[in-house]
Amino acid sequence: MTLLELEGVSKRFGAVVAVDDVSLTIERGTLFALLGPSGCGKTTLLRMIAGFETPERGHILIDGVDVTALPPYARPVNMMFQSYALFPHMDVAGNIAFGLRQERIDRRRITARVTEMLALVQMADYGQRRPHELSGGQRQRVALARALAKMPKLLLLDEPLAALDRKLRAETRLELIGIQERVGTAFLVVTHDQEEALSMASRLAVMNRGCLVQIGTPAEIYEQPNSRFVADFVGEVNLFEGKLTAAFNCLALDVAGLARPIPLPSRTALPQGTTATLALRPEKLRLWHEPPVEFAIPATVASVGYFGGVSIVQLMVGDGRLLKARVASAAARCFTRGMAVWAGWSPDDGVVITR
Amino acid sequence: MIGFGRLSRVVLIGLPFAWLGLFFLFPLLIVLRVSLAHSTIGIPPYTPFLTNSGEGIKIHATLANFVLLARDDLYVRAYLGALGNAALATVLCLVFGYPIAYAITRTPGNWRGLLLFLVMLPFWTSFLIRVYAWIAILKPNGLLNQLLIASGLIATPLPLLNNGFSVELGLVYSYLPFMILPLYGSLSALDERLIEAAADLGARPFRAFLGVTLPLSLPGVAAGSLLVLIPAIGEFVIPDLLGGPDTLMIGKVLWDEFFNNRDWPVASAVAVVLVAALAIPLLLAQRFLERERIA
């Protein structure tokens, strides 16, 4: 069931279009991620949903009710700020109770709810602490508890993990997913971290320059990017640009600087002569020491980067373009700099992009 | 041997202490010593502290001046009058200054500098001249009365000068910037996100102000109140120029004792009591501010 509906929402700051005609629906109980580079308008969009900014055009509906003109305090959404924005003059319990105190709720129920929230974020013993006495991770939990205390229909999270260090981020990400599943509230997470978006969200939208570029499940976004921007921004990618020609009894891409056209996925249905880009994830590339039977292009190993379990082998092909191949480190050991290799892939592993 | 780092630290910490010792503590001790003397006719007009009359050094100290301050209710009333006037001025400065400081923080950046400049503009003119200017405005045939009569609001001039009203007006006018600036400092340092968070959690603007903005600006309120209250208590120019015969403020009494009666010991005793009376609330406020800073 639809919880949040954005209909053609636009917002400008002076001459800068921050959000351009965005339409989006978010289902009840889902964890939705809004992914984009900094300055793409994702935070502005979030702030419009929270009520801190007013859209110039378009409507925001929550549960079918148009909230576009409602002030923040009248909307059934709560926000977890990137900086957490905890009230420094109140203790943890006071922070969590703040929202509840704005309603006519009796004290005992507030206390009970605060205790419940503290337990949810595993901070039961910290109710009397002041925010400045807490670590970054603890503050993040308090901010989450405070935002969830009023049982919002939708929780907005602005870069919820950005302020944490890497290891804590990975743990907190899992916790956040766990809490979301337990409380069942829909989460809308804004992030610039594609790994975060892919691993957390059940659906995500990629945003660029104020526009939504692609909406889909993490797998759809990663496997079937609909544009160069998405392919490039979400994960690592090798891109080949060229014109469609016929070769190998099917369509192929004639890439300037490469000796032979590249075979395209068999499902490609585009007329010959079209300019297109082939996107190929680094893990789809395979490396051989000898020319294989399959399609492969000759290359030279430019560098081998070790990342623990996997290694990234950079290859130089034809005109000096670099390709990235992700290889298990055990296999990467037999490639050294300057070595002549063959890089190939199954044509169906590539994705043809026309914009 | 003292290393260079240690030496520079000693100098760094020592300099302000030396400054305070030389230009604050030492003069204060002189005042304290004069306050313990008797008044005489001569130069200086007070009895010496130490005498050597052949049979050893003798210390001459008397608490008579302090006893006089406690007995003569002129002084008590003058202290209380000063405290009352200064406290009222502080409250009024807060009442007028808070909205002004708040409005300045809410103004777009390029206007904010101009508004702050306007707040500080009076400092470019001598304080004395500005207080004199109020005489021209407030006197019976002054600017304000002429304006009111010309507009037909009143028929006869209002008694605006040389009374409690004009003293209070002078105090509020003179000390308002000292309230606005610390308030502005504390309000502009306030994280905008906190107010947004309050709104997001369902607080209407006034509740958000009471629950977040006001408590977080209390250090500014305390600092501004002290900056107004303390000099206002000791103020003598304003009661002297704008006050009337019934205006009783301790600063003016001190001035009169010193220059008109030439009773240095009593004037010094008045000053010592004033400093002591101001130091206590100051220390309390200091502790409050310290606690807020930690929080």
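Just so it is clear, the model here is predicted, and its values are computed rather than measured. (Residues numbered from 1 in each chain as written. Chains lettered and ligands numbered in written order. Predicted model: local features only at pLDDT ≥ 70, side-chain atom pairs only at ≥ 80, totals over all residues. Heavy atoms only, no water.)

Caption draft 1: Examining the overall build of chain B more closely. Counting its regular elements, chain B contains 13 helices and two strands. A globule of 295 residues ought to have a C-alpha radius of gyration of about 19 Å, yet chain B, at 24 Å, is considerably larger. Its C-alpha atoms give chain B principal-axis dimensions of about 80 × 75 × 35 Å. Across the 295 residues that make up chain B, the buried fraction comes to 36%. (Helix = DSSP H or I, 4+ residues; strand = E, 2+ residues; numbered from the N terminus. Rg over C-alpha atoms; globule rule 2.2 N^0.38 Å. Buried < 20%, exposed > 50% of the residue type's maximum accessible area, 1.4 Å probe, protein only.)

Caption draft 2: Broad picture of the sheet that holds strand β16 (residues 296-307) of chain A. Residue and element names in this part refer to chain A. Spatially, the five strands line up as an open sheet ordered β15-β19-β16-β17-β18, and their pairing is antiparallel. Single-partner strands in this sheet number two, and they are β15 (286-288) and β18 (321-328). On average, each strand axis in the sheet is inclined to that of its neighbour by 45 degrees, with strand direction left out of account. In the sheet, β15 pairs with strand β19 (residues 340-344) via three bridges, with the strands oriented antiparallel. (Pairing = 2+ DSSP bridges. Axes fitted to C-alpha atoms, helices over the stretch in contact; angles between N-to-C directions.)

Caption draft 3: Representation of the pattern of salt bridges in the model. Residue and element names in this part refer to chain A. On inspection of all chains with the given rule, the structure shows 21 salt bridges over all chains. Residue Asp193 is joined to Arg169 by a salt bridge in which the shortest nitrogen-to-oxygen separation is 3.8 Å. In this pair, Asp193 sits in the loop between β8 (186-191) and α6 (194-200) while Arg169 sits in helix α5 (residues 166-183), placing the two residues 24 residues apart along the sequence. Across the pair Glu223 and Lys284 runs a salt bridge, and its minimum N-O distance is 3.8 Å. (Salt bridge = Lys/Arg side-chain N within 4 Å of Asp/Glu carboxyl O.)

Caption draft 4: How the structure looks around the interface of chain B and chain A. Each partner contributes to the interface: chain B provides 20 residues, whereas chain A provides 24 residues. Both faces combined, the contact of chain B with chain A buries some 1900 Å², and carbon together with sulfur accounts for 63% of it. Ranking the residues of chain B by area buried against chain A places Glu196, Asp200 and Leu201 of chain B at the top, with a combined share of 34%. In this structure, the connection of chain B to chain A is made through one salt bridge. We note a salt bridge from Arg47 of chain A to Glu196 of chain B, for which the minimum N-O separation is 2.6 Å. Residue assignment for the side of chain B that touches chain A shows that the elements contributing at least two residues are α8 (192-200) and α9 (205-216) of chain B. The biggest single contributor to the side of chain B that touches chain A is α8 of chain B, with seven residues. Looking at side-chain class alone, the side of chain B that touches chain A contains 12 nonpolar, two polar and six charged residues. (Contact = heavy atoms within 4.5 Å. Buried area = accessible area lost by both parts, 1.4 Å probe. Nonpolar A, V, L, I, M, F, W, Y, C, P; charged D, E, K, R; others polar.)

Caption draft 5: Quick peek at the packing of aromatic side chains. Residue and element names in this part refer to chain A. Going through the model one piece at a time under the given rule, you end up with 17 aromatic pairs over all chains. Ring geometry for Phe52 and Phe81: centres 5.9 Å apart, planes at 40 degrees, overall tilted. With Phe52 in the loop between α1 (42-50) and β4 (57-62) and Phe81 in the loop between β6 (77-80) and α2 (92-101), this residue pair connects regions lying 29 residues apart in the sequence. On the basis of relative accessible area, Phe81 is assigned to the buried category, the value being 2%. (Phe/Tyr/Trp six-rings, centres within 6.5 Å; stacked < 30°, edge-to-face > 60°.)

Caption draft 6: Broad picture of the environment of Arg326 of chain A. When you line up the elements, Arg326 of chain A lands in strand β18. Considered as a pair, Arg326 of chain A and Val92 of chain A are 234 residues apart in the sequence and their alpha carbons are 46 Å apart.

Caption draft 7: Here's a closer look at the pairing of β4 of chain A. Residue and element names in this part refer to chain A. Examined bridge by bridge, strand β1 (residues 2-13) and β4 share five bridges and lie antiparallel to one another. Note on β4: the bridge partner recorded for Leu4 is Ile62. For β4 and strand β5 (residues 65-66), the ladder comprises two bridges, and the chain directions are antiparallel. Following the sheet pairing, Leu61 is matched in β5 by Asp66. Hairpin connection of β4 to β5: two residues between the antiparallel strands, including Asp63 at a positive phi of 55 degrees.

Caption draft 8: Spotlight on the environment of Leu201 of chain B. Examined against the element boundaries, Leu201 of chain B turns out to sit in the loop between α8 and α9. Classification of Leu201 of chain B by relative accessible area gives buried; the value is 2%. Spatially, the C-alpha atoms of Leu201 of chain B and Pro245 of chain B are 57 Å apart, while their sequence positions differ by 44 residues. Excluding anything up to four places from it in sequence, Leu201 of chain B contacts Asn78, Phe87, Phe98, Gly99, Gln102, Arg146 and Lys150 of chain A.

Caption draft 9: The sheet that holds β1 of chain A, seen in detail. Residue and element names in this part refer to chain A. Taken together, the four strands give an open sheet; going across it, the order is β2-β1-β4-β5, and neighbouring strands pair in antiparallel fashion. In this open sheet, the two edge strands, each paired with only one partner strand, are β2 (16-27) and β5. Across the sheet, α1 is in contact with β1, β2 and β4; its angle to β1 comes to roughly 120 degrees.

Caption draft 10: Structural view of unusual backbone geometry. Cis geometry marks the peptide bond from Ile43 of chain B to Pro44 of chain B; its omega dihedral reads -10 degrees. Relative to the assigned elements, Pro44 of chain B resides in the loop between α1 (4-35) and β1 (50-52). Positive phi, close to 45 degrees, is recorded for Glu159 of chain A, a residue that is not glycine. Here Glu159 of chain A falls in the buried class, since its relative accessible area comes to 7%. Although it is not a glycine, Arg262 of chain B adopts a positive phi angle of roughly 55 degrees. Here Arg262 of chain B lies in the loop between α12 (250-260) and α13 (264-294).

Caption draft 11: Structural context of a nonpolar patch on the surface. Residue and element names in this part refer to chain B. A grouping of Trp111, Leu114, Phe117, Leu118, Met120, Leu121, Phe123, Trp124, Phe178 and Leu227 is seen on the molecular surface, where their side chains present a nonpolar patch of about 990 Å² in accessible area. In this fold, Phe117 is placed in helix α4 (residues 109-120). Overall, Phe117 belongs to the partly exposed group, its relative accessible area being 37%. (Patch = residues over 30% accessible without salt bridge, like charges linked within 9 Å, V, L, I, M, F, W, Y side chains within 5 Å. Areas by Shrake-Rupley, 256 points an atom, 1.4 Å probe, with all protein chains shown as cover.)

Caption draft 12: Representation of the side chain of Thr68 of chain A. Residues and elements named next belong to chain A. Along the chain, Thr68 turns up in the loop between β5 and β6. A polar atom in the side chain of Thr68 sits 2.9 Å from the backbone nitrogen of Ile60. A distance of 2.4 Å separates a polar atom in the side chain of Thr68 from a polar atom in the side chain of Asp66. If we ignore the near neighbours within four places in the chain, the residues touching Thr68 are Thr54, Pro55, Gly58, His59, Ile60 and Arg75. (Polar contact = N/O pair within 3.5 Å; in protein donor to acceptor, adjacent residues only side chain to side chain.)

Caption draft 13: Just the packing of helix α3 (residues 73-105) of chain B against helix α7 (residues 164-188) of chain B, in detail. Residue and element names in this part refer to chain B. Two elements in contact, α3 and α7, have axes separated by 7 Å at closest approach and are oriented at 45 degrees. Between α3 and α7, the crossing angle belongs to the class labelled oblique. Two packed elements cross with a definite hand, and for α3 against α7 that hand is right-handed. For the contact of α3 with α7, the residue count by class is 21 nonpolar, five polar and one charged. (Parallel < 35°, antiparallel > 145°, perpendicular 65-115°, else oblique. Left-handed = near helix turned anticlockwise from the far one by under 90°.)

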